[in-house]
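# A look at the structure
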Amino acid sequence: MLANSNATANLAVKDLTRAKAFYHGILGLTEVHNEGGELIVYKSGDTSINVYHSEFAGTNKATAVTWMVGDEIGNIVKALKSKGVVFEHYDMPRTTMEGDIHVGHGMKVAWFKDPDGNILNLVDR
């Protein structure tokens, strides 16, 4: 039923101006639509991300968005870190840390948060 339809990630934030500085200024996403202080739509590859104002911002304790970045994961982590992004370090079974990248289970993953605490990650797939 939905297999041929595109899906869009939705991220709640408290302050759209601060979110714009992060999603556009730091992550480099392109704004494609703005609903006057309530919603900004960003282009990310062939998909989009809706960043919207909500009192419930930052309450999700699970990963909200994943970017599949392939072999560029190390370069992207380094670039984001140079812009002030702080990476999360989790204690996970059968996983080791290589700098800010979790390595294990046949993949590399790096987690970080946006200014409202939404959990985002990069995967080398």
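Here the structure is a predicted model, which is why all the values come from computation and not from measurement. Here the residue numbers are simple positions, counted from 1 along each chain's written sequence. Only residues with pLDDT of 70 or above have their local features reported here, since the model is predicted, and side-chain atom pairs are shown and tallied only from 80 upward, although totals for entire chains, interfaces and linings are computed over all residues. The side-chain quantities take in all heavy atoms of the structure and omit both hydrogens and water.

### What to know about the pattern of salt bridges
We count a salt bridge whenever a side-chain nitrogen from Lys or Arg sits within 4 Å of a carboxyl oxygen from Asp or Glu. Evaluated as defined, the whole model comprises four salt bridges. The salt bridge partner of D116 is R18, with a shortest N-O separation of 2.8 Å. Here the residue D116 occupies a position in the loop between β9 (107-113) and β10 (119-123), and R18 occupies one in helix α1 (residues 16-26), the gap between them amounting to 98 residues. Ionic pairing is found between E88 and K113, a salt bridge with its closest N-O pair at 4.0 Å. Placement of the pair is E88 in strand β6 (residues 87-88) and K113 in strand β9, with a sequence separation of 25 residues. Throughout this description, buried means an accessible area under 20% of the type-specific maximum (1.4 Å probe, protein chains only), exposed means over 50%, and partly exposed covers the range between. Relative accessible area serves as the criterion here: at 35%, K113 is assigned to the partly exposed category. Helix and strand definitions here come from DSSP, where helices need a minimum of 4 consecutive H or I residues and strands a minimum of 2 consecutive E residues; each element is numbered from the N-terminal end.

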